[in-house]
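Overview (structure and organization)
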Amino acid sequence: MIRKLIIVKGVVQGVGFRPFIYKIALKNNLKGTVKNTSNGVYIDIEGSIDNYKNFYKDIKYNSPILSVIESIDVINKNIVGYETFKIINSEKEDGFTLISPDIATCNDCLKDIDNKYDKRRGKYSFTNCTNCGPRYTIIKNIPYDRSFTTMRNFKMCNSCEKEYENPLNRRFHAEPTCCNECGPKVELLDSTGKKVEREDPIKYARSLIKKGKIIAVKGIGGFNIICDGENYSAIERLRSKKHRARKPLALMMKDIDVASKYCNFNSTEENILNGNKKPIVLLKRKNNKLPTNIAFNSSNFGVLLPYSPLHYLLFKDGIETIVFTSANITGEPIIYKNDEALEKLEQIVDYFLIHNREINMPIDDSIVKVVLGEERIIRGGRGYYPIFIKKHIEKNILALGSQFKNTISINYKDYIIISPYIGDLDNKDSNERFNKVMNHFKNIYNMEIDEVCRDMHPGYFSNSNKHLYSNKFNNIYHHHAHIAACMGENEENDYVIGITFDGTGYGEDKNIWGGEFLICNLKEFKRGAYLNYFKLPGGDSAIKSPWKIGISLLNKSLETNKERLYEIEKKYISENEVNIKFIESIIDKNISCPLTSSIGRLFDGISALLGFNGDITYESEGAIYVEELANKHIGNKEEYEFELKEKNDDIEINTKKLVLGIVDDLERGIEPSIIAIKFHNTIISLTIKTTLKLKEKYNISKVCLSGGVFQNEILFKGIVNGLKQYGFNVITHKKIPCNDSSISFGQLLIGSNK
Ligand code: ZN
Ligand code: ZN
Ligand code: FE
């Protein structure tokens, strides 16, 4: 006879862990107790040594599918003579527990929903169990107990309580469990907020969708705006009301069979689509059977399958495809409160399908793409985030991230926690959301902050904050943070060559970097090479107007031949002469023309030369335009000339010949799509040549890739494969996005080394 205290840490709460322990304790004839604490699950067990050994093996190898065990500690105890095995109530201790992300509805629950004879869960929109349902979005505090969630407002009926207390039931201690009798309810409101009385509001909503109506639907992490995905004019109306001219819209599809009608996917992508996270997966389109205004010229569709019972119930009566876009005012964070939705979406939608389960922490849908056989997260939200990365750091650091695609990171008790995607911090609502997320993590873990890490850029919102929790600030360069994040995700500590290709980052010389090759580790960096500087006429405003950058690139390459310059501009820049002249004049006088080495901006400028008209209507539209053109000629290996100029201690990548080559091709009447693939090939080639030179110079053969430009699939694949051919060890992002959502994690790692 022995007694042991077993402490299991990791994602072990809200995932059916205690019922699992209960079952294996019964199976192995052990007595004692199990409880959740904020320090993990505590199992106090008594029995024979052989039974204990089998029990331990079960914990290690057969734990619930959603659990992630980080550690198991075992302490010997004196026998007390337990007579039964019991699950006892949670208590709050000074410790740490990982918050589970929200999990898509499981197949067992879907069966319950489809069961017409089940009065409690048939057609019920909030059906969940220990294997599925909301978590992060409803948790107000830890440990994970109903009383600390937004479900505390709903008192369980007798039937639910019985299930909740029966260790052999699938809903045993399923904290958000509820049913038609006791749980939240769905309501349909018209655009003015007036209740539409119908016996089955969801059924009526389906008929409205079929009639082309636009509906705001409250989901797990916030509201979405939906309409029939097969109805061109409904989509057009949604676009015009939401002021969303051209940005591709995501599609929710009934099931995998419907998805296969319109998209190509491999088994990895199918598993992600059908898995328990249910992100938006970017898939190659198969045909043009759906309305063109869903994604215009994009070769991808963003597709997700229903992840909550309410969404699942929308796909009856023949509905197969709905446009599914997050409900927000452009640039602002996702709307998640009923009253806010009614106020802000009144002019956009025809109806609201809402409910009375409160969302405590809003979260966006995750977006992922499989590239080079691996799942890569583009936006870290529902199902994936928050994420916890094991790493021991002596001090407590809060890292505030970047201005765009912001996330925050904090470290606590051997983990770094990265928040879900928050958004762009250039408006009041986003700033409030940022504070809400920061306070949530700080309060839930009740922690002291020793140091705050933030971007070096003096104009960023994070630098305007005086209300923070520490007086000690550590300002970190944007691109160093990018590479540190990529290193940290892959547990790399040595010196690497870090290639950062993105849109904007404040550089050491105060210029706008974005085409840099850093020689760095987690502590320090030095710039080894960079894309030559060019002017950004009008500063940040040029980001919206690729044609301004096109003029700047032409100016840089043709400055000695003004006559030809003006002629080329007139021919290929689709903008009126007055505007072109004005931009020329500010470039010549060097007024309001910051310098940039950004590859993202280079793409913008090239897009204008290749026929992209006017201003962009969504982020990176110019760059995506060039990539889509190039997609028509995958396999073409032609490229333009370029020069690598060794300067004092670094290498400048000179693009003058590249731009002149493009101009020559345009003049020869070469198709813009051919020019686009040649341009991509050139960037791949100059990246590989530069990296080889740096390897020679610094004797480093590990390369990290980070920055939003690596979302460009042609470039990413070309650079990874090209570098591998030369024997480089190429390290890339997977669970942390390569874009600016990675910045906070990188800042924290660098801060921990200072
Ligand atoms: Zn379930
Ligand atoms: Zn109930
Ligand atoms: Fe960046």
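To keep things clear, this report deals only with the structure shown in the data block. Please read these numbers as outputs of a predicted model, since none were measured by experiment.

Turning next to the overall build of the protein. Helix and strand counts for the protein come out as 23 helices and 31 strands. Principal-axis analysis of the C-alpha atoms gives the protein an extent of 95 × 60 × 50 Å. Burial statistics for the protein: of 754 residues in total, 62% are counted as buried. Counting contacts in the protein only where the partners sit at least 6 residues apart, residues at least 24 apart contribute 71% of the total. Total accessible area computed for the protein in this model is approximately 29700 Å², and 46% of it derives from carbon and sulfur atoms. If the 106 positive side-chain charges of the protein are averaged to one point and the 95 negative ones to another, these points end up 4 Å apart.

Time to look at the packing of aromatic side chains. Taken as a whole and judged by the stated rule, the model has 17 aromatic pairs. Pairing tyrosine 307 with phenylalanine 324 gives two aromatic rings, centres 6.3 Å apart and planes at 90°, and the pair type is edge-to-face. Of this pair, tyrosine 307 sits in the loop between β12 (300–304) and α9 (309–314) while phenylalanine 324 sits in strand β13 (residues 321–326); the two residues are 17 residues apart in sequence, bridging distant segments of the chain. Note on tyrosine 530 and tyrosine 533: the rings are 5.7 Å apart at their centroids and 35° apart in plane angle, and the pair reads as tilted. Take tyrosine 530 and tyrosine 533: they sit in the same class, and that class is buried. Across the ring face of phenylalanine 728, the terminal group of lysine 695 is positioned such that the distance to the ring centre comes to 5.3 Å.

Under the criterion given, the structure shown has zero disulfides. In this structure cysteine 738 is not part of a disulfide, and its nearest cysteine sulfur, from cysteine 486, lies 9.1 Å away.

Our focus in this paragraph is the coordination of the iron ion (ligand 3). The protein atoms that coordinate the iron ion (ligand 3) are His478 (NE2), His482 (NE2), Asp502 (OD) and Asp740 (OD), at distances spanning 2.0 to 2.2 Å. Each donor residue of the iron ion (ligand 3) lies on one chain, and together they are spaced H-x3-H-x19-D-x237-D. With a gap of 238 residues between them, aspartate 502 in strand β23 (residues 496–506) and aspartate 740 in the loop between β31 (729–731) and α23 (743–752) connect regions that are remote in the sequence. Of the two residues, aspartate 502 and aspartate 740, neither departs from the other in class, the shared state being buried.

Among the secondary structure elements, aspartate 364 is positioned in the loop between β14 (351–355) and β15 (367–371). Among buried Asp, Glu, Lys and Arg side chains, aspartate 364 stands out as unpaired, with arginine 379 the closest opposite charge at 4.4 Å. Setting aside anything within four residues of it in sequence, one finds aspartate 364 in contact with Ser326, Ile334, Arg379, Gly381, Arg382 and Tyr421.

Another aspect to go through is helix α21 (residues 672–698). Across its 27 residues, α21 extends 39 Å between first and last C-alpha, which sits within 8% of the 39 Å expected from 1.5 Å per residue. Extensive coverage of α21 is indicated by the burial of 19 of its 27 residues. Of the residues flanking the end of α21, it is asparagine 699, one or two places downstream, whose phi is positive at about 55°.

Mapped onto the fold, arginine 135 is located in the loop between α3 (107–114) and α4 (158–165). It is aspartate 102 that comes nearest to the buried, bridge-free arginine 135 among opposite-charge side chains, at 6.9 Å. Within polar-contact distance, the side chain of arginine 135 engages the backbone oxygen of cysteine 132 at 3.2 Å. If we skip the residues at most four places from it in the chain, arginine 135 touches Gly14, Ser100, Pro101, Asp102, Cys129, Thr130, Tyr144 and Pro176.

Here is the key point about a regular strand: its side chains alternate between the two faces of the sheet. Burial along strand β7 (residues 215–218) is two-sided: the residues Ile215 and Val217 and Ala216 and Lys218 are all buried. In terms of strand pairing, β7 meets strand β8 (residues 223–228) through four bridges, oriented antiparallel. Considered in β8, the bridge of isoleucine 215 is made with isoleucine 226. Between β7 and β8, which pair antiparallel one after the other, the connecting turn spans four residues. Examined bridge by bridge, β7 and β14 share three bridges and lie parallel to one another. In the strand pairing of β14, isoleucine 215 is matched with tyrosine 351.

Let us now look at the packing of helix α1 (residues 17–27) against helix α2 (residues 49–61). At a closest axis distance of 10 Å, the pairing of α1 and α2 adopts a crossing angle of 150°. If you check the angle between α1 and α2, you find them roughly antiparallel. Our pair here, α1 against α2, has a crossing hand that is right-handed. Each of Phe17, Phe20, Ile21, Ile24, Ala25 and Lys27 in α1 lies in contact with α2, whose residues at this interface are Phe55, Asp58 and Ile59. When its residues are assigned to classes, the contact of α1 with α2 shows seven nonpolar, no polar and two charged.

Cut-offs used in this document
- Residues numbered from 1 in each chain as written.
- Chains lettered and ligands numbered in written order.
- Predicted model: local features only at pLDDT ≥ 70, side-chain atom pairs only at ≥ 80, totals over all residues.
- Heavy atoms only, no water.
- Helix = DSSP H or I, 4+ residues; strand = E, 2+ residues; numbered from the N terminus.
- Buried < 20%, exposed > 50% of the residue type's maximum accessible area, 1.4 Å probe, protein only.
- Contact = heavy atoms within 4.5 Å.
- Areas by Shrake-Rupley, 256 points an atom, 1.4 Å probe, with all protein chains shown as cover.
- Lys, Arg positive; Asp, Glu negative; His and termini not counted.
- Charge placed at Lys NZ, Arg CZ, Asp CG, Glu CD.
- Phe/Tyr/Trp six-rings, centres within 6.5 Å; stacked < 30°, edge-to-face > 60°.
- Lys NZ or Arg CZ within 6 Å of the ring centre and 35° of its normal.
- Disulfide = S-S within 2.5 Å.
- Donors = N, O, S within 2.8 Å, 3.2 Å for Na, K, Ca; no water.
- Salt bridge = Lys/Arg side-chain N within 4 Å of Asp/Glu carboxyl O.
- Expected span 1.5 Å × (residues − 1).
- Polar contact = N/O pair within 3.5 Å; in protein donor to acceptor, adjacent residues only side chain to side chain.
- Pairing = 2+ DSSP bridges.
- Axes fitted to C-alpha atoms, helices over the stretch in contact; angles between N-to-C directions.
- Parallel < 35°, antiparallel > 145°, perpendicular 65-115°, else oblique.
- Left-handed = near helix turned anticlockwise from the far one by under 90°.
- Nonpolar A, V, L, I, M, F, W, Y, C, P; charged D, E, K, R; others polar.

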